[in-house]
Amino acid sequence: MKTLMKWVSVIGVLFFVLDAAALDFGELRDKLKAELPVNPKLVEAAKELKGPDETEEIAIGRQIAGNLLGAAPLVKDSKLQKYVNQIGEWVASQSERPDLPWHFGVIQSNDVNAFAAPGGYIFVTLGLYRLLQDEAELAGVLGHEIGHVIRKHHLKLLQQSKLVDLGGKALAKEVGGNDKAQKLIGSGAEIVARGLDKDAEFEADRLGVVLATRAGYDAFGLPGVLQQIGHIAGDESSVALLFKTHPLPDDRLAKLDSAMGDRFDRVKGLTVSSRFYRPKP
Amino acid sequence: MRANRMGMAALLWLLLQSAALAAESGTALKADAIRAEPFGDAKQVATLATGDKVEILQKDGGWLQVKSTKGKGWVRMLSIRKGDAKKGSGEAAGLLALTSGRAGTGKVVATTGIRGLNEEELKAARFDAKELRLAESYAVKKADAHNFAAQGKLVARPFDYLPDVQ
């Protein structure tokens, strides 16, 4: 019984450490190996927690992105697409995964929503883009989605639902659809319609605010967008999926308020409203 | 009869104008200080109680300049809930979107003909290789993004991630 308790606590610590910081897993495993009697089950659990490597992650994300684009294509405005990539890449370069091949896009839908797929594929709907008032708000929204990617929220969801084959071989990047990746993500782009747990959304909000701040923007871009979305009545079809898969804007704002407190009082940032790109109506 | 109709039209026009010109309103989500300037250590000029109505005059970073019966000054943006429309009222939300200059929300959605994204559509979505390649063609190199940021006078700075406050 005592031994069991010990293992339970070791695993508890392991989860905590993993959640709290992007700690190098191999190093932790080696440490555990050195300091504790080797328990093969624990080593196995560690491997499961680590999940797919980066190449696999990108292949999975690429498949999801291709499917999502099958449901809603890009807005045919190359200036708009280039612009969001400039901002997105800049904000992502403030994160701990600056070297991922980040891709950003605005998709043709009047829904108010944004999507992140593993490996750095991020899409904002035209409906959400049109709500934005300045570049700081765009940076905040992209920062939230970048937050999902750097903390691997969707990958973890796939792992929990056992869709990702953890011992699987590397998924090669292919030009067309990737059958192996498709098997891992279920049907079409359903993974993006599935909600993450609330804490993952609150965490992405906190990350988004900080990443935009690091990039030199006004920290209150994302809160501003959330306030605006809070105006849209819950029965509007444009927010049906967003409200189904995310905590309500008021709850997100209250959580951000307590997390932000007075930490941003001396941090002035830019809204860069003068060059904010507005697509044609 | 005709004069009457014109009178009605004029009245309607006036109503729409006043709605468009009206300042945005808000409600205090919690008790908070109204300060003379948009800083945490600026002089406190009054205190808002939960539920107090305010008129929002302007925004500066995380601060809103407000006017209320308690006084005029700056309040933390996250202490104010913008708008006073009740949730679930589509019409009021549409009007708010209009007055705040953010058209494109609300009822507009139903009329433009571009489909929404629901679960069924996402589930049935088929991989679009051409569209994905197009999306990937817009990728920006890190150096270019840095230049673009510099053109906007953006300067990167360190800032710690926020702890999860329960």
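Above this text you will find the structure in question.
Procedures and definitions
Throughout, a residue's number is its position along its own chain's written sequence, starting from 1. Both sets of labels track the order of writing: A upward for chains, 1 upward for ligands. A pLDDT threshold of at least 70 governs which residues receive local features in this predicted model, and a stricter bar of 80 or more applies before side-chain atom pairs are shown or counted, although totals over entire chains, interfaces and linings include all residues. Only DSSP runs of H or I with at least four residues qualify as helices, and only runs of E with at least two residues qualify as strands; both kinds are numbered from the N terminus onward. Any residue surrounded by 20 or more other C-beta atoms within 10 Å of its C-beta is treated as buried, while 12 or fewer makes it exposed and the intermediate range makes it partly exposed; C-beta atoms here are placed from the backbone. We call two residues in contact whenever the C-beta atoms placed from their backbones are within 7 Å. In this classification, the charged set is Asp, Glu, Lys and Arg, the nonpolar set is Ala, Val, Leu, Ile, Met, Phe, Trp, Tyr, Cys and Pro, and all remaining amino acids, among them Gly, are polar. For this analysis, nonpolar core means a set of buried Ala, Val, Leu, Ile, Met, Phe, Trp, Tyr and Cys residues linked through C-beta atoms within 7 Å. Each pair of strands is called paired provided DSSP finds at least two bridges between the two strands.

Visitor: What is the right way to read the overall build of chain A from this model?
Guide: In terms of helices and strands, chain A carries 14 helices and three strands. Evaluated residue by residue, chain A yields a buried proportion of 51% over its 281 residues. In chain A, once contacts between residues fewer than 6 apart in sequence are set aside, the share between residues at least 24 apart is 74%.

Visitor: Could you clarify how one ought to interpret the interface of chain B and chain A in this entry?
Guide: Size of an interface, as often reported, equals the accessible area lost when the parts are brought together. Each partner contributes residues to the interface: chain B has 61 residues there, and chain A has 78 residues. Only α2 (90–99), α4 (119–124), α5 (129–137) and α6 (142–151) of chain B provide two or more residues apiece to the side of chain B that touches chain A. Looking at the side of chain B that touches chain A, the element that brings in the most residues is α5(B), giving six residues. Class assignment of the residues belonging to the side of chain B that touches chain A gives a composition of 31 nonpolar, 15 polar and 15 charged.

Visitor: Would you mind showing me how to read the nonpolar core here?
Guide: It is characteristic of soluble globular proteins that their nonpolar side chains tend to be buried jointly. All names here are of chain A. Formed by 99 residues in total, the largest nonpolar core has its most connected members in Ile 64, Leu 68, Val 91 and Ala 212. By residue number, the principal contributor to this core is helix α4 (residues 54–71), which donates eight residues. Beyond its immediate chain neighbours, meaning those up to four positions away, Ala 212 contacts Val 91, Ala 136, Ala 139, Gly 140, Gly 143, Tyr 217, Ala 219, Gly 221 and Leu 222.

Visitor: Sorry, what's going on with the pairing of strand β4 (residues 53–60) of chain B here?
Guide: All names here are of chain B. Looking at chain direction, strand β1 (residues 24–28) and β4 are connected through four bridges and run antiparallel. Looking across to β4, one finds that Glu 24 is bridged to Ile 56. Pairing geometry for β4 and strand β5 (residues 63–68), over five bridges, is antiparallel. Bridged to Asp 60 within β5 is Trp 63. Between β4 and β5, which pair antiparallel in sequence order, lie two residues; one of them, Gly 61, sits at a positive phi of approximately 55°.

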